[in-house]
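Residue-level listing of the chains:
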Amino acid sequence: MIALAVLGLALLATTARAQDMMRDLDLTSPAMVSAEMSRQEVEATLAKASAGAPADLTGKRLSGLDLSGLDLTNAILRAARLNKTKLVGARLDGAILDQAWLLDADLTRASLKGAHLFASQMARARLDDADLTGARITADLSGASLVGASIADAHLGADMRNQSMGLMRAVLRSANLARLNARNADLSRVDLEFASLKAADLTGASLRNAQLGGADLTGTTIIDADFDGADLTSARLIAPIGLDRARNFDKAKNRERLIRQ
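Now for a look at the structure at hand. Quick caveat: nothing in here was measured; it's all calculated off a predicted structure.

### Regarding the environment of Ser145
Residue position: Ser145 is located in the segment after β2 (136-140). Its relative accessible area of 17% is what places Ser145 among the buried residues. Residues Ser145 and Ala178, spaced 33 residues apart in sequence, show a C-alpha to C-alpha distance of 8.6 Å. Leave out the neighbours within four places in its chain, and Ser145 touches Ala125, Arg126, Leu127, Asp128 and Asn176. Side chain to side chain, Ser145 and Asp128 meet in a polar contact 2.5 Å long.

### Topic: the packing of aromatic side chains
Scanning all chains against the criterion turns up one aromatic pair. Where Phe227 meets Phe249, the ring centres are 5.3 Å apart and the plane angle is 80°; that geometry is what we call edge-to-face. Placement of Phe227 in the segment after β2 and of Phe249 in the segment after β2 is noted, with a sequence separation of 22 residues between them. Look at Phe227 and you get buried, because its relative accessible area is 1%.

### Quick word on unusual backbone geometry
One non-glycine residue, Gln99, adopts positive backbone phi at about 60°. Among the structural elements, Gln99 can be located in the loop between α3 (39-47) and β1 (116-121). By relative accessible area, Gln99 is classed as buried at 11%. Positioned with a positive phi, Asn254 is a non-glycine residue whose angle comes to about 60°. Tracing the sequence through the fold places Asn254 in the segment after β2. Owing to a relative accessible area of 25%, Asn254 belongs among the partly exposed residues under this scheme.

So, how was this worked out
- Residues numbered from 1 in each chain as written.
- Predicted model: local features only at pLDDT ≥ 70, side-chain atom pairs only at ≥ 80, totals over all residues.
- Heavy atoms only, no water.
- Helix = DSSP H or I, 4+ residues; strand = E, 2+ residues; numbered from the N terminus.
- Buried < 20%, exposed > 50% of the residue type's maximum accessible area, 1.4 Å probe, protein only.
- Contact = heavy atoms within 4.5 Å.
- Polar contact = N/O pair within 3.5 Å; in protein donor to acceptor, adjacent residues only side chain to side chain.
- Phe/Tyr/Trp six-rings, centres within 6.5 Å; stacked < 30°, edge-to-face > 60°.

In structure tokens, the structure reads:
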């Protein structure tokens, strides 16, 4: 428990590096790659859970397990290690995954409606066709795949009223977001540099002050999307749908550096 507390403090360090939590950590250590429970033991824990007392797996080492198809609704997985864990088709609606480690995890077709992902480490995670509708996400999803996923009504942007730890927002650098449903999502100040948003639906999304440098917006629907302050340096804006109905596009930064063809 002492080690877990120390790790928790490290994860919550102040400064602009608040989301760079992998620095100085040995990602090959047993604490990061091993499991202290079997699938059967996880299932037993879930079986004992109730609406008033959800399953509590705080800090548990579950890396590499196959937990596909499990119902983890409202489960508490704060600071849990789920690196390379298979959660294909799992149900994590309302789950608490704050500060959890999900490096290279497979959440294909998983449901995470209303889930909490604060300061979660999800680099290269696979969330193709996953449903994150209404989720609160300030995770590092660099290089992740969310092809066909939904983040409709989700909150990924920085809450500027609560930034004592430095800028906490979702990071989706170089992520594959093709055909992403981001209708009405809050993507303000989100890092989307070099992300692929081909054929994504950004209808009504807030991209205020978002970083879109090098992003691919080919065929993206941007009706009512708010571009106020968004950085479009070298972004590919080819055959967008609804450009004439985008909001504050004239207030976006570096529009002259857009790639239009």
